[in-house]
Amino acid sequence: MGLSFLGIVTIVVGLYLLSSIKILAEYERGVIFRLGHLLPEAKGPGLIGVFAPLDRMVRVSLRQEALEVPPQDIITRDNVTLKVNAVIFLRVIEPRKAVVEVSNYVYQTSQFAQTTLRSVLGEQELDELLSHREKINLRLQSILDTHTAPWGVKVTNVEVKQVDMPESMLRAMAKQAEAERERRAKVINADGEFQAAAKLSEAAEVLTRHPIAVQLRYLQTMREIASERSTTTFFPLPLDLFGPLLQAFNKGGDGAKG
């Protein structure tokens, strides 16, 4: 009878010891409460002993987690209504604080992220929000990391994921972009006209210094016209040829009057 009782006790003790052995993966840590008191160090990875009911263990993952912030209604500084969502990347740095300092660090971080997203983006104008998104992401990450640091949680990155604008604002932005493209086209065209006028002025100065160059241009122009198989032939005559005739005509007219 004694041997049977001793065997039962041995089996019970063996099962208790087996149930007290826990295996923690490389990315896990075990926060142990012994008689309600937090042990100085988190356990793991590998084999650890948790002796219930004296001990209670809380598993904490050290892997990076992605937390999606639901779409938030934002009113920018220039009174544009938007819907903006974001994604937050965080990981636990100190498992003991993540268990003791806050009841649910993921939920707490999500709530802080929603309020921070509304407040930070509400201070920006629409153009700043669209063109300086990297700067806004860094500011959001800095604010959230300051809030979560006492919990032993590190916010590694924040990304504004999507910005939804009203249809009227999209049409206005399209008109603005079209007007900007037209303005650039007019500026480029005017700049081209200015450069062409400057080159023509330089060419006129060269022709003034070298009159024979005008004759060469005449010949080149006639050659171009002839090469196009045109039925019309142009004979350009310099005005200098008519100068003596006009002078003689004027003298003849004056003599007749005298």
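Scroll up a little and you will see the structure.
The sections below set out a description of the structure shown in this document. (Residues numbered from 1 in each chain as written. Predicted model: local features only at pLDDT ≥ 70, side-chain atom pairs only at ≥ 80, totals over all residues. Heavy atoms only, no water.)

Turning next to the overall build of the protein chain. Per the secondary structure count, the protein chain includes eight helices and eight strands. By the burial criterion, 24% of the 258 residues in the protein chain qualify as buried. Looking at the protein chain alone, contacts between residues at least 24 apart form 63% of all its contacts between residues at least 6 apart. Of the accessible surface of the protein chain, which amounts to about 18,400 Å², a share of 60% is contributed by carbon and sulfur atoms. (Helix = DSSP H or I, 4+ residues; strand = E, 2+ residues; numbered from the N terminus. Buried < 20%, exposed > 50% of the residue type's maximum accessible area, 1.4 Å probe, protein only. Contact = heavy atoms within 4.5 Å. Areas by Shrake-Rupley, 256 points an atom, 1.4 Å probe, with all protein chains shown as cover.)

Before going further, it helps to examine the nonpolar core. L82, V84 and I88 are the most contacted members of the largest nonpolar core, which has 33 residues in total. Sorting elements by how many residues they give to this core places strand 7 (residues 81-92) first, with six residues. Dropping the residues within four chain positions of it, V84 is found in contact with P70, P71, Q72, I74, L117, L121, V160, Q162 and V163. With six residues, the next largest nonpolar core counts L24, I32, L39 and V50 among its residues. (Core = buried A, V, L, I, M, F, W, Y, C linked by side-chain atoms within 4.5 Å.)

Moving on, we get to the pattern of salt bridges. The full count for this structure, using the stated rule, is 11 salt bridges. Between E123 and R139 there is a salt bridge, and its shortest N-O distance comes to 2.9 Å. Taken as a pair, E123 in the loop between helix 3 (105-122) and helix 4 (126-131) and R139 in helix 5 (residues 133-148) lie far apart in primary sequence, 16 residues in all. Owing to a relative accessible area of 39%, E123 belongs among the partly exposed residues under this scheme. For R139, a relative accessible area of 36% corresponds to the partly exposed category. Its salt-bridge partner being R183, residue E180 comes within 2.6 Å of it at the nearest N-O pair. Of this pair, E180 and R183 are both found in helix 6 (residues 167-209), three residues apart, which corresponds to roughly one turn of the helix. Its relative accessible area of 30% is what places E180 among the partly exposed residues. (Salt bridge = Lys/Arg side-chain N within 4 Å of Asp/Glu carboxyl O.)

Take the sheet that holds strand 6 (residues 65-75) next. To summarise the sheet geometry, strands pair through backbone hydrogen bonds and adopt either a parallel or an antiparallel arrangement. Here we have three strands laid out as an open sheet, ordered 6-7-8, and antiparallel in their pairing. Because the sheet does not close on itself, it has two edges, and the strands there are strand 6 and strand 8 (153-164). Within the sheet, the average angular offset between the axes of one strand and its neighbour, ignoring direction, is 25°. As paired strands, strand 7 and strand 8 are joined by 10 bridges and run antiparallel to one another. The residue bridging V84 from the neighbouring strand is V163, located in strand 8. Where helix 3 meets the sheet, its contacts fall on strand 6, strand 7 and strand 8, and the angle it forms with strand 6 comes to roughly 35°. Across the face of the sheet, helix 5 comes into contact with strand 7 and strand 8 while running at roughly 140° to strand 8. (Pairing = 2+ DSSP bridges. Axes fitted to C-alpha atoms, helices over the stretch in contact; angles between N-to-C directions.)

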